[in-house]
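# Analysis of the macromolecular model
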Amino acid sequence: MTELNLELIPTVIMVIFGFSFLFSGMYLGAAMGLFGFLGLVYIRGLNHALGELMTVPYTIFSNYDLSVIPLFILMGQLCFYAGMSADLFGTTYKWLGQMRGGLAMATVAACAGFAAVCGSTVATAVTMGLVALPEMKKYNYGATLSTGCLAAGGTIGILIPPSLSFIIYGIMTGQSIGRLFLAGVLPGIIQAILFIITIFILCTRNPSLGPGGPRTGFKEKIVSLRNTWIVIFLFAAIIGSLYMGICTPTEAAAIGAFVAFVFAVIKRRLTWKTMKSSFLDTVKSTSMLMIIFAGAIIMSHFLAVTRIPMIMADTVVALEVNRYVILSFIIFVYLILGCLMDPGSMMLLTIPTFYPVILALHFDPIWFGVLVTIMCEIGVITPPVGLNVFVIHGIAGGVPMYTIFRGIVPFLIADIILLAIIILFPQISLFIPSLM
């Protein structure tokens, strides 16, 4: 054993000990911060570690780039309180509701539409669940299909931009958030299509799962589109301004939040109470993310000092195995972690370690960001945690957890197919960013 490896043994033990904080039930931001602080005390001394505690929170909270987070969250909250989710579901219901499984298809399509103005998977699942579940119960949809399509459909919220997961990944890696947003467009559309195909197959095999609803005329379908123009406008304004280089992501988020606010006021859908709620929810979500960010940065500084991520990258490159074997291992780790924690926490925990490995293997970092986001989507619907499953369970009115988990299995298969497609054909995610 070399002298270098002998010197690393205490550090590796310290890292293993530190990771126990993360699974102790302690609040994640505090756990990562404590882990990093104690590690820096061990390697660099108390003064250096205290310096990190003084400078990192200020640096994080005063970072202009991070202002994109509260702005996009605020836009999503305003759209939620303005009832845009109900408008989207109403329109997609008019177009698809008469088909077998049409209400479930309309739910997935509406989730994709709402994802264009809301970067949160939980918010997408909750808002669409409150609108769509009563309708699917009314037409006697099977509980597995109705809850499964909602839990899975909500995950589209972190793939179709704006996406908080892409923002976190971009800030942690220094990659362009605008390019990441554009990279998620085609995979998000493909995912929605795969979910709709899944529903079609399920209802063809078992028509009782999703009986067709009443038919609507072509004129009624066209008229229903007027309720979706604001979502289309917001999505086009955000993506168009990023694609043409007119706005930075922060400026695009500010425009989106302002337009959503003006729309809600003009339509008289925003009362003082709902406006207060939207701002309060934004502050709560942003504060939680900022604390996690601060803890993650302190932890990543400690890992950088240990040089463990770089040593891992060099070791992995030296292995005489195909780079896709290593990628498969990283994906497997994400699959396991996705069963235990929420997407943002999972990314903040793993990116400092895996990102140098991905660069050393010469994978495209934008493409890898899309893969990580897809794995985050899979994580929020897999047991035992399955964040979206718990959300749907809370609003489904007595549907057992095992029923919802059974319902998401076909959609998990669709997600795995999407993952395979993006791995085999990386240009699907890189085509639009390459045109910037």
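Described in the following lines is the structure provided in the data block. Since the structure is predicted, the reported quantities are computational estimates derived from the model, not experimental observations.

### With respect to the overall build of the chain
A count of helices and strands for the chain gives 22 helices and zero strands. At 22 Å, the chain has a C-alpha radius of gyration in line with the 22 Å of a compact globule built from 436 residues. Based on the C-alpha atoms only, the size of the chain along its principal axes is roughly 75 × 45 × 45 Å. Long-range pairs, those at least 24 residues apart, make up 80% of the contacts in the chain between residues at least 6 apart in sequence.

### Regarding the pattern of salt bridges
Where charged atoms from two side chains of opposite charge approach closely, those side chains can pair. Counted according to the given criterion, the structure contains one salt bridge. Lys94 is the salt-bridge partner of Glu220, the closest N and O atoms lying 2.8 Å from each other. Here Glu220, found in helix α12 (residues 218–224), pairs with Lys94, found in helix α5 (residues 84–96); they are 126 residues apart in sequence, far enough to count as distant. For Glu220, a relative accessible area of 37% translates into the label partly exposed.

### Some points on the environment of Ser208
If you trace the backbone, Ser208 turns up in the loop between α11 (185–205) and α12. Linking Ser208 and Met75, residues 133 residues apart in sequence, is a C-alpha distance of 38 Å. In contact with Ser208, not counting residues within four places along its chain, are Asn140 and Gly142. Among the polar contacts made by the side chain of Ser208, one reaches the side chain of Asn206 at a distance of 2.6 Å.

### Things to note about α5
In this model α5 runs 18 Å from its N-terminal to its C-terminal C-alpha over 13 residues, within 8% of the 18 Å that 1.5 Å per residue would give. All buried positions along α5 are accounted for by Met84, Ser85, Asp87, Leu88, Phe89, Thr91, Thr92 and Tyr93. On its buried side, α5 packs onto α4 (68–81), α6 (102–115), α7 (121–138), α12, α13 (229–243) and α14 (249–266).

### Examining the side chain of Asp415
Among the secondary structure elements, Asp415 is positioned in helix α21 (residues 401–424). Arg205 provides the closest opposite charge to the buried, unpaired Asp415, separated from it by 18 Å. Of the polar contacts made by the side chain of Asp415, one reaches the side chain of Gln191; its length is 2.7 Å. Ignoring any residue separated from it by four or fewer positions in sequence, one finds Asp415 in contact with Gln191, Phe195, Ile374, Ile378 and Ile381.

### Some details on the packing of aromatic side chains
Scanning all chains against the criterion turns up twelve aromatic pairs. For the ring pair Phe195 and Phe411, a centre distance of 5.4 Å and an interplane angle of 90° mean the geometry is edge-to-face. In this pair, Phe195 sits in helix α11 while Phe411 sits in helix α21, placing the two residues 216 residues apart along the sequence. The same class applies to Phe195 and to Phe411, which are both buried. Among the aromatic residues, those joined into a ring-pair cluster are Tyr169, Tyr355 and Phe368. When the ring centre of Phe363 is taken as reference, the NZ or CZ atom of Arg323 above it lies at 4.3 Å.

### So, a nonpolar patch on the surface
Judged by side-chain polarity, Met26, Tyr27, Leu34, Phe61, Met288 and Ile291 come together as a nonpolar surface patch covering roughly 530 Å² of accessible area. Among the structural elements, Phe61 can be located in helix α3 (residues 46–61).

### Some points on the environment of Leu88
The residue Leu88 is located in helix α5 in this model. Taking the C-alpha atoms as reference points, Leu88 and Ile298, separated by 210 residues in sequence, lie 42 Å from one another. Leu88 has contacts with Ala110, Gly113, Phe114, Thr228 and Val231, leaving out every residue within four places of it along the chain.

### A short note on the nonpolar core
Counting 136 residues, the largest nonpolar core has Ile69, Met75, Ile199, Tyr334 and Phe368 as its most contacted members. No other element matches the eleven residues that helix α15 (residues 272–306) contributes to this core. Residue contacts for Ile69: discarding those within four places in its chain leaves Leu164, Ile167, Ile171, Leu289 and Phe293.

### A short note on the state of the cysteines
Enumeration according to the criterion identifies zero disulfides in this entry. Here Cys203 stays free of any disulfide, with the sulfur of Cys149 as its closest cysteine sulfur at 9.2 Å. Of the residues examined, Cys203 reaches a relative accessible area of 1% and is grouped as buried.

Cut-off values and rules
Residues numbered from 1 in each chain as written. Predicted model: local features only at pLDDT ≥ 70, side-chain atom pairs only at ≥ 80, totals over all residues. Heavy atoms only, no water. Helix = DSSP H or I, 4+ residues; strand = E, 2+ residues; numbered from the N terminus. Rg over C-alpha atoms; globule rule 2.2 N^0.38 Å. Contact = heavy atoms within 4.5 Å. Salt bridge = Lys/Arg side-chain N within 4 Å of Asp/Glu carboxyl O. Buried < 20%, exposed > 50% of the residue type's maximum accessible area, 1.4 Å probe, protein only. Polar contact = N/O pair within 3.5 Å; in protein donor to acceptor, adjacent residues only side chain to side chain. Expected span 1.5 Å × (residues − 1). Lys, Arg positive; Asp, Glu negative; His and termini not counted. Phe/Tyr/Trp six-rings, centres within 6.5 Å; stacked < 30°, edge-to-face > 60°. Lys NZ or Arg CZ within 6 Å of the ring centre and 35° of its normal. Patch = residues over 30% accessible without salt bridge, like charges linked within 9 Å, V, L, I, M, F, W, Y side chains within 5 Å. Areas by Shrake-Rupley, 256 points an atom, 1.4 Å probe, with all protein chains shown as cover. Core = buried A, V, L, I, M, F, W, Y, C linked by side-chain atoms within 4.5 Å. Disulfide = S-S within 2.5 Å.

Honestly, that's just the spatial picture; any functional story needs more than this.
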